[in-house]
Each structure stands twice: as C-alpha cells, then as structure tokens.
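Chains, contacts and geometry: an overview
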Amino acid sequence: LRYVGASPKNYLKFNDEIWRIIGVFNNITTIDEQENEKTESLVKIVRNDSLGNYSWDSSESSINDGWGVNEWSQADLMTELNTDYINPNPASETALWFNGSNNSKNGTYEYRKNIKPSSIDKIAKVKWNLGGYNTTSASALNMYNAERGTLHVINPSDGITRTNTWDGKIALIYPSDYGYASTDTTCRSGLGSTNCKNENWLFNSAYQWTLSPNSSYAFYVFNVSSGGSVYYNSAYRARVVRPALFLKSDVVIKGG
C-alpha cells in the first residue's frame, strides 16, 4: 500500500519534524535486541526535508579512482546515518561528513537535525534489501524485484564483497519507491523517463540518493535526477540525503 500523486495527505510529525509515509510494507524482517527475527507489516517513512548534500560513499584514490564503493553495508553515508545522526550526546554542534572524491570530508552536518532518543526507540531494525540493477529503463515492478534480488557487480576491482541485505535502522528510499509514488504510466513502465516527476510527491527538483547500486559498475549508485528521472551517478557525488526508516509495529498515532 503506497501513497501516490503530487500531494497526498501522508504527512506525519515524527522527531518533531515533518516526515511522510511512503506506505505499508508486508513481509519485512525485523530484528529485536536479542537478534531474533520475525516477519511483520510496517509503515515506512521518509524525512520531508533533506539533511544536506553528501556523498553516498567515497574512497582513497587507489580504490575505484577515489569514486567510492557501491556497497551500502560499508558506505560512508550508512555509517553517518547510523552513528552521527542518532548520536544522543554529540560533543559539538556540527560534524564533517563525506562530500567528494578521494575521501573528501568537508560537508558540514548539524547535530540539531539528529533523531532524538525518544524517536530512536520507535524505529525498527530491519533487513534492508541491497540488490542492484543494470538499467534505468526498468519498470517500477522490475526494479522492485531487482532490489530484492542478488544482482551485483561481478569481480569488482575494489575486491569488496557485495551483500544482498543489510541489518539496520536508517537508510534511503529505493528507486522503486520513487517510481511508484508517481501516477504517470510512462514512469511506471520506465524509471528513466523524466515523466517520473509528474504527479510525484517524492520529487523535489534536486538530485537525491537512493539505496540501490548499479550492478554493472563498482562505484555507481542510482539517484533521482533534477530532471525527474532515475539515473545513476558516482557514489562520491554530493547529493540530497533524505533518510528513510520503518516504524516499529507497536507505534501508534498519538493525535491529529
């Protein structure tokens, strides 16, 4: 079940900020504090505003020419979102996040944007799918299936093993999330179409990162372009970061 269209009423006050509900997703694997797993139906939400423009990943010049590695389980942005972004007691007002090639770390992040401890307790730790794909012309359905698949770059020059899933709390939207948010039938048939921005509440006129890698390369990751299409770019590029997460199944709407 998904919210679609230009301006659906999917607003939610979470962490004293505006977030938006992507939809309700079935068969999500959750992991509790004892590392026990079970399958649940959960609400998935995304922050309405960007945290800033940062790299998905960067690397030393000797690794993929400094352009990063498209493996989320070790990506710089994964670490930043699941450490700095949920840090309950930051020692300063700002931190530096990666925002360029060759491990450039000059992107200022403000801790005032952090997830508060009371809100962290509402976030489910889940098994995120990390399957990649090799084309931008895929339909939303084919991309959705690929995200849950096992397609990855073969024999990457960086020597880093690609994984099919990652267990954690904070990640990003999928390319299929963006495609399904549009009511445009051309977009549903091919995410590489600029028509994807039509009647699409997830479009915000800026390049924004998604979670999925391009399986033909070691350093390309899918993003939403400023023109509205789903395309791919080098992981080191500084792009809009809108964190996404699943709420625990026992979280309820308190008012409104």
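Residues numbered from 1 in each chain as written. Predicted model: local features only at pLDDT ≥ 70, side-chain atom pairs only at ≥ 80, totals over all residues. Heavy atoms only, no water.

As for the packing of aromatic side chains
In total, this model carries 18 aromatic pairs according to the counting rule given. The interplanar angle of 65° and the centroid separation of 4.7 Å between the aromatic rings of Y217 and Y220 together place this pair among those described as edge-to-face. Consider the rings of F222 and Y232, whose centres lie 6.4 Å apart with planes at 85°: the pair is edge-to-face. Within this pair, whereas F222 is found in strand 10 (residues 220–224), its partner Y232 is found in strand 11 (residues 230–234), the two being separated by 10 residues in sequence. Residue F222 shares its accessibility class with Y232, and that shared class is buried. Each residue in the set W67, Y217, F219, Y220, F222, Y231, Y232 and Y236 is aromatic and connected to the rest through ring pairs, giving one cluster. The residue whose ring lies beneath K44 is F25, and the NZ or CZ to ring-centre distance is 5.2 Å. (Phe/Tyr/Trp six-rings, centres within 6.5 Å; stacked < 30°, edge-to-face > 60°. Helix = DSSP H or I, 4+ residues; strand = E, 2+ residues; numbered from the N terminus. Buried < 20%, exposed > 50% of the residue type's maximum accessible area, 1.4 Å probe, protein only. Lys NZ or Arg CZ within 6 Å of the ring centre and 35° of its normal.)

With respect to the pattern of salt bridges
Inspection of the entire model under this criterion finds nine salt bridges. Here R47 makes a salt bridge to E17, at a shortest N to O gap of 2.8 Å. Residue R47 is located in strand 3 (residues 37–47), and its partner E17 is located in strand 2 (residues 17–31); the two are separated by 30 residues in the primary sequence. Look at R47 and you get buried, because its relative accessible area is 8%. By relative accessible area, E17 is classed as buried at 16%. When salt bridges with common partners are traced through the structure, they connect R2, K44 and D177 into a single cluster. (Salt bridge = Lys/Arg side-chain N within 4 Å of Asp/Glu carboxyl O.)

Focus: the nonpolar core
Among soluble globular proteins, nonpolar side chains are generally buried collectively. W72 and L81 are the most contacted members of the largest nonpolar core, which has 64 residues in total. By residue number, the principal contributor to this core is strand 2, which donates five residues. Residue contacts for W72: discarding those within four places in its chain leaves W56, L77, M78, L81, L130, W166, I170, A171, L172 and L211. (Core = buried A, V, L, I, M, F, W, Y, C linked by side-chain atoms within 4.5 Å. Contact = heavy atoms within 4.5 Å.)

Let's talk about the side chain of S55
Position of S55 among the secondary structure elements: in the loop between strand 4 (53–54) and helix 1 (76–81). In this structure the side chain of S55 is engaged in a polar contact, spanning 3.3 Å, whose partner is the backbone nitrogen of N99. Within the structure, the side chain of S55 is placed 2.6 Å from the backbone oxygen of Y236, a separation counted as a polar contact. In contact with S55, other than residues within four places in its own chain, are L77, F98, N99, G100, W209, A235, Y236, R237 and A238. (Polar contact = N/O pair within 3.5 Å; in protein donor to acceptor, adjacent residues only side chain to side chain.)

Points about helix 3 (residues 140–147)
Residue pairs three or four apart in sequence face the same way in an α-helix, which turns once every 3.6 residues. Buried residues of helix 3: A140, M143, A146 and E147, and no others. The buried residues of helix 3 occupy an angular sector of 125° when the element is viewed end-on, so they sit on one face. Contact partners of the buried residues in helix 3: strand 7 (126–129), helix 4 (175–181), helix 5 (185–189), strand 9 (208–213) and strand 10. (Arc of directions from axis to C-beta.)

Topic: the state of the cysteines
Enumeration according to the criterion identifies one disulfide in this entry. Linked covalently through their sulfurs, C187 and C196 form a disulfide whose S-S length is 2.1 Å. Handedness here is read from the sign of the S-S torsion; for C187 and C196, about 95°, the answer is right-handed. Residue class for C187 comes out buried when judged on its relative accessible area of 0%. (Disulfide = S-S within 2.5 Å.)

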